[in-house]
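Residue strings, one per chain:
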Amino acid sequence: GIELERLVVVVISDDELVKRAVGRRIDPVTHQMYHLDGLAFGFPEPPDDDGVRNRLVQRGDDTEDRVRARLQQYRDTNLDLSSVFKKVLQVDGTKDVDELKKDIEAFLA
């Protein structure tokens, strides 16, 4: 068998995940992704342009109820496998992406 060496676990609350998902918007003209609060994985806030803001759409599955249902489905169908790895790093999923990247790269080096 193969020995599993390292696992990175991103720790983030359901409420934070919901906030990130329900704030996502896409511009159907440019296909640019935005987040109303500039939160989700570096997606910028929409520009200060009424034309762009008025045409932004939310994905149908980015409602709070559907996001929470997806989170529950994930938990119901996935096991915690951290015990089979030699080393596990838990990172704070609310940190800045660049900071997370540094932590993860150091752990994997």
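Refer to the structure above for everything that follows.
Attention shifts here to the overall build of the protein chain. Secondary structure assignment for the protein chain yields four helices and four strands. Each helix (α) and strand (β) of the protein chain, taken in turn from the N terminus, gives the series β-α-β-β-α-α-β-α. Computed over C-alpha atoms, the radius of gyration of the protein chain comes to 17 Å, more than 25% over the 13 Å expected from 2.2 N^0.38 for 109 residues, which places it beyond the range of a compact globule. Seen through its principal axes, the protein chain has C-alpha atoms that stretch 55 × 30 × 25 Å. Going through the 109 residues of the protein chain one by one, you find that 22% of them count as buried. Here the analysis covers contacts within the protein chain between residues at least 6 apart in sequence; of these, 55% occur between residues at least 24 apart.

The full count for this structure, using the stated rule, is zero aromatic pairs. Sitting above the plane of the Phe 107 ring, Arg 6 keeps its charged end 5.8 Å from the centroid.

The rules we used
- Sequence positions are assigned chain by chain, starting from 1 and proceeding in written order.
- Thresholds applied to this predicted model are a pLDDT of at least 70 for local features of residues and 80 or more for the giving and counting of side-chain atom pairs; totals over whole chains, interfaces and linings are not thresholded and use all residues.
- Calculated side-chain values reflect all of the structure's heavy atoms, with hydrogen atoms and water omitted.
- Elements are defined by DSSP. Helices are runs of H or I of four residues or more, strands are runs of E of two residues or more, and each kind is numbered from the N terminus.
- Values of the radius of gyration come from C-alpha atoms, whereas the globule rule sets the reference at 2.2 Å times the count of residues to the power 0.38.
- Residue burial is assigned from relative accessible area. The probe radius is 1.4 Å, only protein chains are included, and a residue is buried under 20% of its type maximum, exposed over 50%, and partly exposed in between.
- What makes two residues a contact is simply this: any of their non-hydrogen atoms within 4.5 Å.
- Whether two aromatic rings pair depends on their centres lying within 6.5 Å, for rings of Phe, Tyr and Trp, where Trp uses its six-membered ring; planes under 30 degrees apart make the pair stacked, over 60 edge-to-face, and the rest tilted.
- Any Lys NZ or Arg CZ found within 6 Å of a ring centre and within 35 degrees of that ring's normal is scored as a charge over the ring.

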